[in-house]
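Each chain, written out:
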Amino acid sequence: MTKYSQLVSKKRSMTLIEVVVDAAILSMLAIVVISALLGSFRTVTVSSTIATAGQLANEKIEVLHNMSYNSLATQQGTIFPQGNILDEETQLKDGKLLTVRTDIDYVDDPYDSLAPNDLNPADYKKITVTVFDAVTEKQLTYLSTNIASRAAETASDTGVL
């Protein structure tokens, strides 16, 4: 073998150091890609849980909208007589354990003056539905709406907000 062919074969072969450096670079790239995939998976999971919580809160509001005005009161709430609506309940929805808290309170609207000048300070009811993760107790979403009785301080019997 000539000197020239020996020199060419040495330059074409990889040394152990080059192999170790290449493996380290590939490992770092793999870690970056795997971290990005795990981060994306966590984001999708959290977004899915929040969407499920929003759907559950909306369902609860719809159930309450379909109830009679006089029956809109929770078991431990501030409205008397207290009603049959649970203040807090835990539900399993789409594989997620969620806690739904319902608050119903009277509102004294300043439009028709405020108590003590307002003879009927219970102008309408404000309903707030808050959904929490049952495990971490982290608030995921809340919805709020106002509901008035059919004849709330109006001359006609069809007045609603």
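Here the structure is shown first, and the text comes after it.
What counts, and where the lines are drawn
- For every chain, the first residue of the written sequence is number 1, and numbering continues from 1 onward in sequence order.
- Local features are withheld for residues below a pLDDT of 70 in this predicted model, meaning they are given only at 70 or higher, and side-chain atom pairs are given and counted only at 80 or more; totals for whole chains, interfaces and linings count all residues.
- In computing side-chain values, all of the structure's heavy atoms are included and hydrogens and water are not.
- Secondary structure counts use DSSP, requiring at least four H or I residues in a row for a helix and at least two E residues in a row for a strand, with both numbered from the N terminus.
- For every residue, the accessible area obtained with a 1.4 Å probe (protein chains only) is divided by the maximum for its type, and the residue is called buried under 20%, exposed over 50%, and partly exposed between those limits.
- Note on definitions: a residue-residue contact is assigned when non-hydrogen atoms from the two residues lie within 4.5 Å.
- Accessible surface is estimated by sampling points in the Shrake-Rupley manner with a 1.4 Å probe; for residues, cover comes only from the protein chains shown.
- Pairing between strands is defined by DSSP: at least two bridges between them are needed.
- Comment: axis = line fitted to C-alpha atoms, over the contacting stretch for helices; angle = value between 0 and 180 degrees taken between N-to-C directions.
- The charge count includes Lys and Arg as positive and Asp and Glu as negative, but it does not include His or the ends of the chains.
- We count a salt bridge whenever a side-chain nitrogen from Lys or Arg sits within 4 Å of a carboxyl oxygen from Asp or Glu.
- Working rule for helices: expected span equals 1.5 Å times residues minus one.

Enquirer: Which parts of the structure should I look at to understand the overall build of the protein?
Expert: When its secondary structure is counted, the protein shows 2 helices and 4 strands. Written out in order from the N terminus, the α and β elements of the protein read α-α-β-β-β-β. For the protein, buried positions account for 27% of its 161 residues. The contacts in the protein between residues at least 6 apart in sequence include a share of 46% that link residues at least 24 apart. Accessible area for the protein stands at about 11400 Å²; split by element, carbon and sulfur atoms hold 60% of it.

Enquirer: Teacher, can you tell me more about the sheet that holds strand S2 (residues 96-107) here?
Expert: The strands making up a sheet associate through hydrogen bonds between their backbones, and the pairing can be parallel or antiparallel. Read across the sheet, 4 strands follow the order S1-S2-S3-S4 without closing on themselves; strand pairing throughout is antiparallel. Both edges of this open sheet fall to strand S1 (88-93) and strand S4 (139-147), since each of them pairs with a single strand only. Adjacent strand axes in the sheet meet at a mean angle of 20 degrees when their direction is disregarded. Looking at chain direction, strand S3 (residues 124-133) and S4 are connected through 8 bridges and run antiparallel. Looking across to S4, one finds that Thr130 is bridged to Tyr142.

Enquirer: Looking at this structure, how should I read the side chain of Lys96?
Expert: Looking at the secondary structure, you find Lys96 in strand S2. As a buried residue without a salt bridge, Lys96 has its nearest oppositely charged side chain in Asp94, at a separation of 5.8 Å. Among all residues touching Lys96, those that are not within four sequence positions of it are Ser48, Thr49, Thr52 and Gln91.

Enquirer: Got a minute to help me understand helix H2 (residues 16-65) in this structure?
Expert: Every α-helical turn comprises 3.6 residues, leaving residues that sit three or four positions apart pointing alike. Between its first and last C-alpha, H2 extends 73 Å over 50 residues, near the 74 Å set by a 1.5 Å rise per residue. Looking at H2, one finds that the buried residues are Thr49, Thr52, Ala53, Leu56, Ala57, Lys60, Ile61 and Leu64. Looking at the packing, one finds that the buried side of H2 touches S1, S2, S3 and S4.

Enquirer: Where do I start with unusual backbone geometry in this structure?
Expert: Most peptide bonds adopt trans geometry, and most residues besides glycine take a negative phi value. In the segment running from Phe80 into Pro81, the intervening peptide bond is cis, with an omega of 0 degrees. Although it is not a glycine, Asp94 adopts a positive phi angle of roughly 55 degrees. For Asp94, the position within the fold is in the loop between S1 and S2. Since its relative accessible area comes to 54%, Asp94 is described here as exposed. Non-glycine residue Glu137 carries a positive phi angle of around 60 degrees. Take Glu137: it is sitting in the loop between S3 and S4.

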